Amino acid sequence: MDEQLVRRYLADALCDALFRLPGPSRLSDIMGALPPTMRMSDAAAQELMGADPRFAPCETRWDLRHRQDLSERPLGGALELIVQAYGRPVPEPLLLTELCLSKQGDPEEFRTLLARLLEGNRNVGFDGQYYYLTRWLVNTSATEEQRLLYLNGLHNDEAFLKAQKKLLAPGLKGRTPLDTAEAVLKAYGGGLDNRGLGLVLWCHHGDRFDAATVLSAMLADERFVALSGPQWLGAGQARTLEKAAGKLRGEPTEQSEAVDLNALLQTAPAQRLRLNDEELRAVLHLVGSSRQPVTVDEILRDVLKLRPKQRNFGPAAYALEELLNSDLRLARVQRGQYLPRQNVPAWVRSVPGSLIPEALTVGPREVSPDVVLQPDELEADLREQVRSPFYEDQGEPDVALGEESADSTQMAIAHHHYRLGTAKLRLCDRRLFNVPAPVAMVWFQSPDETLFPVWVNTETRLLYGLLPWYREWLHPTGSLLTIRRLPARVGAFALEYNGETDPGTYIGRERFAQVLDLGERLRRRRAFRLETITELLGQSEKGLPFDQLWAQVNLIVRSTRLQVASILSHYPQFSLAGGRWMLTDGQ
């Protein structure tokens, strides 16, 4: 296997890992964001990133080079810059997360803005899942072969020109363009540029070939693997590539033994230490430019070059803690861990608008049929359900206190949180996510043992930054997560998910599509909440439990449990039988 192809494969993995981190990151954090099978030695990682223009060294850390200019670009320019930096079609969650780091807006707002932008943008395409540069698609506007090769940047590609005749052999043509692509990649034997592959497929299939359609189909097909360029490999070639990459990665570097900063900083050392001016400048520059929390331990090791067994380690740790704790520009995430207040992403500081329940229009019946009752006015069966601590969500009034645990919690992810990559910090979760700062960053470990950062805001009472993970692992509504504290790492939590769903709020795929379709029709005519509930129950012969009805209403319009319960209690056409709400015949 060609070594340059192997290096590109590994550099792509490092790029993907950094896209999941909020800014300049230590090598240990980059390794943690890689799947365990892709982790490598620090020397191999630094050599790969140093040779790739997508990466930028930042003193003791590494970042993606495009982030230096992202905040200054208009949205269209930022979009192109991100896609170019990724080097291949970008999954929507990664792109939205990247925009949220540097610009005002949340994922839902950016979805709307990007949809409008792409209506008149010829440079970027979107297939519903991936953003891509249109110049990556084959250009078939010429009639002469040499002109075709020139338009697609293939006129100087010696490997492609040498293999061109073989790739156009009639025997490689399959029933569909994707079948042909599989045969062509196998015959080519290496990474084939997307435009080169597109040209070959167009020659084989003519009018049956559409470049954008085939690109989308290949991204969803397990027979193909995309590398930056973008280039394609067949699945068999990718397995060979993975074996070759193992030799180049080397053995993962062992991480330094963790230091218990809480214990170290509890008492002042007998010997006090003063940092000199050069050390002060280096420390404050590192912390001030960071987009994620910096620990005293990291500064000791990477800036002051001190190790735990050295005599000055303890005194230096205490001096750093005093220095950083007295700096009003920094937020103390927890003891020994600090973050510049100005570097917290804007969207992490507020509640996204699409999470806020839409207020009901309440008035005379001729104005609006919707009503909101007080909890004690509800039917007896609904009074406790509307106060459920498990289903506490944004805007829910008078939630009951649930049992709090300092070790673990379970939560069902509703669709509005799934779309934003957020989760509600409920009253029953307070002990688990016990952070001293209003906004803090913690680490989540996914089931495949990769680590990624999540923001905790104790004022908005939300978790932010879960969008890429949600899209990779979860069903769009009702997935049941378990979150456990990791005792070996301060501020870290394990995400446990095995496909389990919450019986109350899970909506199957077929019904999910039906409800979304109903929602489009109801929104066009600006339906009242009463109409929404009536339509949903009218489509269910056996009725719906309250939790399921609330979940389906929320697919159509953000609603509190009290809003739904008020309408069920007020109108006689709704009745409860066997734990399920029914629409009375004839209504």
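Preceding block: the structure.
Residues numbered from 1 in each chain as written. Predicted model: local features only at pLDDT ≥ 70, side-chain atom pairs only at ≥ 80, totals over all residues. Heavy atoms only, no water.

1. A word on the overall build of the protein chain
Quick note on the threshold: In DSSP terms, a helix is any run of H or I states spanning at least four residues, a strand is any run of E spanning at least two, and both are numbered starting from the N terminus. Each radius of gyration reported is based on C-alpha atoms, and the globular scaling rule is 2.2 Å times the count of residues to the power 0.38. Any residue under 20% of the maximum accessible area for its type is buried, any over 50% is exposed, and the rest in between are partly exposed; the area is computed with a 1.4 Å probe on protein chains only. What makes two residues a contact is simply this: any of their non-hydrogen atoms within 4.5 Å. Note on charges: Lys and Arg go in the positive column, Asp and Glu in the negative column, and His and the chain ends are not counted at all. Lysine's charge is taken at NZ, arginine's at CZ, aspartate's at CG and glutamate's at CD.
Helix and strand content of the protein chain: 24 helices and 20 strands. The C-alpha radius of gyration of the protein chain comes to 28 Å, within 12% of the 25 Å expected for a compact globule of 587 residues. Overall, the C-alpha framework of the protein chain stretches about 80 × 80 × 40 Å when taken along its three principal axes. Here the protein chain, with 587 residues, has 53% of them falling under the buried criterion. Long-range contacts, defined as pairs at least 24 residues apart, comprise 66% of the intrachain contacts of the protein chain with a sequence gap of at least 6. Taken together, the 69 basic and 76 acidic charged side chains of the protein chain have centroids lying 3 Å from each other.

2. Observations concerning the packing of helix α10 (residues 177–188) against helix α12 (residues 211–219)
Stated precisely, the cut-off is as follows: Between N-to-C directions, angles cover 0 to 180 degrees, with each direction set by a line fitted to C-alpha atoms, over the stretch in contact for helices. Note that the term roughly parallel is reserved for angles under 35 degrees, roughly antiparallel for angles over 145, roughly perpendicular for angles of 65 to 115, and oblique for everything else. Crossings are sorted by hand: turned counterclockwise from the far helix by less than a right angle, the near helix makes the crossing left-handed, and turned clockwise it makes it right-handed. When residue character is reported, Ala, Val, Leu, Ile, Met, Phe, Trp, Tyr, Cys and Pro are called nonpolar, Asp, Glu, Lys and Arg charged, and the others, Gly included, polar.
Where α10 contacts α12, the two axes come as close as 10 Å, and the packing angle between them is 70°. Accordingly, the angle class assigned to the pair α10 and α12 is roughly perpendicular. Seen from above, α10 lies across α12 with right-handed handedness. Residue-level contacts link Pro177, Leu178, Ala181 and Leu185 of α10 to Val214, Ala217 and Met218 of α12. Partitioning the contact of α10 with α12 into residue classes produces 7 nonpolar, no polar and no charged.

3. A word on the environment of Tyr86
Among the secondary structure elements, Tyr86 is positioned in helix α5 (residues 75–86). Setting aside anything within four residues of it in sequence, one finds Tyr86 in contact with Cys15, Asp16, Phe19, Arg54, Pro91, Leu94 and Ser228.

4. So, the packing of helix α1 (residues 3–19) against helix α3 (residues 42–50)
Look at α1 against α3: their axes get within 10 Å of each other, and the N-to-C directions meet at 95°. As summarised for this structure, α1 and α3 are arranged roughly perpendicular, according to the angle between their axes. Here Arg7, Leu10, Leu14 and Leu18 of α1 lie close against α3, whose contacting residues are Ala45, Glu47, Leu48 and Met49. Tallied by class, residues from the contact of α1 with α3 come to 6 nonpolar, no polar and 2 charged.

5. With respect to the pattern of salt bridges
Convention followed: Salt bridge, as used here, is a side-chain nitrogen of Lys or Arg placed within 4 Å of a carboxyl oxygen of Asp or Glu.
This model, assessed by the stated rule, comprises 33 salt bridges. Note that Arg20 and Asp16 form a salt bridge whose closest N and O atoms lie 3.0 Å from each other. The buried category is assigned to Asp16, whose relative accessible area is 17%. Each member of the salt-bridge network shares a partner with another, and the members are Glu92, Glu108, Arg111, Arg419 and Arg471.

6. Concerning the environment of Asn457
Rules: In protein, a polar contact means a hydrogen-donor-capable atom and an acceptor-capable atom, both N or O and within 3.5 Å, with residues adjacent in sequence counting only if both atoms are side-chain atoms; elsewhere, any N or O pair within 3.5 Å suffices.
As for its position among the elements, Asn457 is in strand β15 (residues 451–457). With sequence-adjacent residues up to four places away left out, Asn457 is seen in contact with Val348, Arg349, Leu425, Pro438, Val439, Leu462 and Tyr464. Separated by 2.8 Å, the side chain of Asn457 and the backbone nitrogen of Glu459 make a polar contact. A distance of 3.0 Å separates the side chain of Asn457 from the backbone nitrogen of Thr460, its partner in a polar contact.

7. Some thoughts on the nonpolar core
Rules: The set of buried Ala, Val, Leu, Ile, Met, Phe, Trp, Tyr and Cys residues whose side-chain atoms join them within 4.5 Å is what this entry labels a nonpolar core.
In terms of nonpolar packing, the biggest core is built from 121 residues, with Leu14 and Phe444 touching the most fellow members. In this view, Leu14 contacts Ile30, Met31, Leu34, Met40, Ala45, Leu48, Met49 and Phe55; residues no more than four positions away in its chain are not counted. Counting residues in each nonpolar core, the second largest holds 33 residues, with Phe512, Leu518, Ala565 and Leu583 among its members.

8. Section: the sheet that holds strand β9 (residues 294–295)
The following threshold applies: Strand pairing follows a simple DSSP-based rule, namely that at least 2 bridges must link the two strands.
Taken together, 3 strands build an open sheet; the order of strands is β9-β11-β10 and the sheet is antiparallel. Edge positions in the sheet fall to β9 and β10 (330–334), since each of these pairs with one other strand and no more.

9. Overview of the pairing of strand β17 (residues 479–485)
Counting buried positions over the 7 residues of β17 gives 5, a clear majority of the element. When strand β12 (residues 408–413) meets β17, the two strands line up antiparallel, connected through 6 bridges. Along β17, the bridge assignment pairs Ile413 with Ser479. Here 4 bridges tie β17 to strand β18 (residues 492–496), and the two strands are oriented antiparallel to one another. Bridging from a neighbouring strand, Arg484 pairs with Ala494 of β18. Hairpin connection between β17 and β18: a loop of 6 residues separates the two successive antiparallel strands, and Gly491 in this loop has a positive phi of roughly 70°.

10. Quick notes on the state of the cysteines
Stated formally: Disulfide assignment relies on a single distance test, namely cysteine sulfur atoms paired within 2.5 Å.
For the structure on display, the rule yields 0 disulfides. Free of any disulfide, Cys100 has its nearest cysteine sulfur in Cys15, 18 Å distant.

11. Observations concerning the environment of Arg509
One can find Arg509 in helix α21 (residues 509–524). Along the primary structure Arg509 and His475 are separated by 34 residues, whereas in three dimensions their C-alpha atoms are 8.6 Å apart. Each residue touching Arg509, except ones within four places of it in the same chain, is listed here: His475 and Pro476.

12. Quick look at unusual backbone geometry
The omega torsion of the bond from Gly229 to Pro230 falls at -10°, within 30 degrees of zero and hence cis. Relative to the helices and strands, Pro230 is located in the loop between β7 (224–227) and β8 (231–234). Even without a glycine there, the phi angle at Asp398 is positive, about 55°. Along the chain, the position of Asp398 falls in the loop between α18 (380–383) and β12. Its identity as a non-glycine residue notwithstanding, Arg461 has a phi of 55°, on the positive side. For Arg461, the location among the structural elements is in the loop between β15 and β16 (462–464).

13. Brief notes about the sheet that holds strand β5 (residues 130–133)
One open sheet holds the 3 strands; their spatial order is β3-β5-β4, and the pairing between them is antiparallel. For this open sheet the edge positions go to β3 (90–91) and β4 (124–126), each flanked by a neighbour on one side alone. Looking at chain direction, β4 and β5 are connected through 3 bridges and run antiparallel. Paired with Phe126 across the bridge in β5 is Tyr131.

14. Considerations on the side chain of Arg54
When you line up the elements, Arg54 lands in the loop between α3 and β1 (55–58). Separated by 3.4 Å, the side chain of Arg54 and the backbone oxygen of Tyr86 make a polar contact. The residues touching Arg54, leaving out its near neighbours within four places in the chain, are Ala11, Asp12, Cys15, Asp63, Leu64, Arg65, Ala85, Tyr86, Arg88 and Ser228.

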